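# Commentary on secondary and tertiary structure
Residues per chain are reported as follows:
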Amino acid sequence: MRLRTPLDLAEAVPYLFGYYPRESLIVLGLRRGQVGMSMRLDLSDEYDLMADAVFEYLQAEWPDQVLIAIYDASQINPALLAARLRTR
């Protein structure tokens with residue numbers, strides 16, 4: 001499957017994971033244009049814990065690019081989570 005845009009990559013998430021994520025934070029790391037790592041976390045209001053887990057995983061993998069997607073964010077504040085992720 002050839003993925004050319006971030007939207008293509010976001011639409012491929014259910015195929016990459018084998019199911020459609022619900023109430024999830026999805027992180028895809030790209031290395032040389034290929035998906036090199038993926039991670040899924042349950043959404044919670046523990047924004048710092050989620051940001052720390054993402055940062056720790058990315059630090060171990062060091063991808064060239066990262067796509068972060070939030071699925072079913074009705075239980076959280078996506079802007080607050082994004083701010084926590086940016087400060088890590």
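Structure's up top.
Below is a summary of the structure that appears in this document. (Residues numbered from 1 in each chain as written. Predicted model: local features only at pLDDT ≥ 70, side-chain atom pairs only at ≥ 80, totals over all residues. Heavy atoms only, no water.)

## Describing the pattern of salt bridges
Oppositely charged side chains can form a pair if their charged atoms are brought close together. On inspection of all chains with the given rule, the structure shows two salt bridges. In this structure, arginine 40 engages aspartate 42 in a salt bridge whose closest nitrogen and oxygen atoms are separated by 2.8 Å. Two residues, aspartate 48 and arginine 84, come together in a salt bridge whose shortest N-O distance is 2.8 Å. Of the two residues, aspartate 48 sits in helix H2 (residues 47–61) while arginine 84 sits in helix H3 (residues 78–87), which places them 36 residues apart along the sequence. Residue aspartate 48 is classed as partly exposed on the basis of its relative accessible area of 36%. Accessibility expressed as a relative area gives 26% for arginine 84, which makes it partly exposed. (Salt bridge = Lys/Arg side-chain N within 4 Å of Asp/Glu carboxyl O. Helix = DSSP H or I, 4+ residues; strand = E, 2+ residues; numbered from the N terminus. Buried < 20%, exposed > 50% of the residue type's maximum accessible area, 1.4 Å probe, protein only.)

## Quick notes on the pairing of strand S1 (residues 24–31)
The element S1 is largely enclosed, with a buried count of seven among its eight residues. Relative to strand S2 (residues 34–42), S1 is paired through eight bridges, and the arrangement is antiparallel. Of the residues in S2, the one forming a bridge with isoleucine 26 is arginine 40. Following S1, the chain reverses through two residues before pairing antiparallel with S2; arginine 32 in that reversal takes a positive phi of roughly 50 degrees. Note that S1 and strand S3 (residues 65–71) share seven bridges and pair antiparallel. Bridge assignment links isoleucine 26 to a residue of S3, and that residue is alanine 69. (Pairing = 2+ DSSP bridges.)

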